[in-house]
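# What the coordinates show
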Amino acid sequence: MRLLLVEDDTMIGEAVATGLKRDGFAVDWVRDGKAADHALKVETFDLLLLDLGLPHLSGLGVLKALRARGQSLPVLILTARDAVTDKVQGLDAGADDYVVKPFDLTELSARIRALLRRQAGRAEPVIEHGGVSLNPVTHQVLHDGKEIALSSREFALLEALLDRPGAILSRSQLEQRLYGWGEEVESNAVEVHIHSLRKKLGTDYIRNVRGVGYRVAPAS
Ligand code: CA
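Notes on the structure follow. (Residues numbered from 1 in each chain as written. Predicted model: local features only at pLDDT ≥ 70, side-chain atom pairs only at ≥ 80, totals over all residues. Heavy atoms only, no water.)

## Focus on the sheet that holds strand β8 (residues 140-143)
One open sheet accounts for four strands, arranged β6-β7-β8-β9; its pairing is antiparallel. Two strands lie at the open edges of the sheet, namely β6 (127-129) and β9 (146-148), each paired on one side alone. Put simply, the sheet's adjacent strands are angled 25 degrees from each other on average, direction ignored. Direction of pairing for β8 relative to β9: antiparallel, over a ladder of three bridges. If you follow Val141 over to β9, its bridge partner there is Ile148. Sheet contacts for helix α6 (residues 152-163): β6, β7 (132-135) and β8; angle to β7, the most-contacted strand, approximately 110 degrees. (Pairing = 2+ DSSP bridges. Helix = DSSP H or I, 4+ residues; strand = E, 2+ residues; numbered from the N terminus. Axes fitted to C-alpha atoms, helices over the stretch in contact; angles between N-to-C directions. Contact = heavy atoms within 4.5 Å.)

Here it is as structure tokens:
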């Protein structure tokens with residue numbers, strides 16, 4: 001899952017980016033409202049973490065522009081201010097949730113997972129499909145009831161494919177989900193991880209749709 005973090009406070013930004021990467025998210029971090037607005041126009045993100053007090057363009061301005069463009073990704077506001085008006089304005093401008101600084105990173109991570117789940121139309125945290133069950137909280141993956149070990153990239157790839165079973169994801173969409181800016185993407189990284197996942201889950205579990213991309217096999 002790829003997140004855009006907008007935060008001008010270096011200490012908070014670093015702590016959040018590091019913590020969320022450790023939890024398996026690809027995180028891109030910008031420090032002002034204009035950079036955020038630009039990134040949201042040219043890149044695809046699964047969720048936006050948005051500070052309100054930002055240089056150049058306020059968080060509220062970023063949010064209003066985002067919703068005015070019809071972009072529906074979940075938005076979680078990070079606010080230093082415990083003022084009720086900030087939360088109300090944020091939610092009314094199209095945010096989905098907020099946390100008040102200082103917040104606990106494990107709570108932030110849990111709220112992000114809840115928003116992503118809701119976005120995908122699921123109430124249950126565990127994703128099950130075709131004999132595979134994936135738990136985004138514990139990162140545990142079971143295949144026919146047996147636990148299998150996946151690398152963090154393999155896990156992220158499988159999670160992306162299971163997010164909407166049946167949907168075809170192109171190689172570049174998968175790369176975007178796996179890597180943040182500035183991270184070196186080897187040209188055949190997706191193929192390598194798919195190959196490894198097939199060895200662990202069975203060759204037929206992930207299908208290659210020629211010239212289009214990959215998807216998980218339809219549930220039988
Ligand atoms: Ca700020």
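## Observations concerning the environment of Lys146
Tracing the sequence through the fold places Lys146 in strand β9. Residues Lys146 and Ser109, 37 residues apart in the sequence, show an inter-C-alpha distance of 26 Å.

## Some details on the coordination of the calcium ion
Distances from the calcium ion to its protein donors, Asp8 (OD), Asp51 (OD) and Gly53 (O), fall within 2.1 to 2.3 Å. All donors of the calcium ion come from a single chain, and their spacing in sequence reads D-x42-D-x1-G. With a gap of 43 residues between them, Asp8 in the loop between β1 (2-6) and α1 (10-22) and Asp51 in strand β3 (residues 47-51) connect regions that are remote in the sequence. When its relative accessible area of 33% is taken as the criterion, Asp8 is described as partly exposed. Residue Asp51 is classed as buried on the basis of its relative accessible area of 5%. (Donors = N, O, S within 2.8 Å, 3.2 Å for Na, K, Ca; no water. Buried < 20%, exposed > 50% of the residue type's maximum accessible area, 1.4 Å probe, protein only.)

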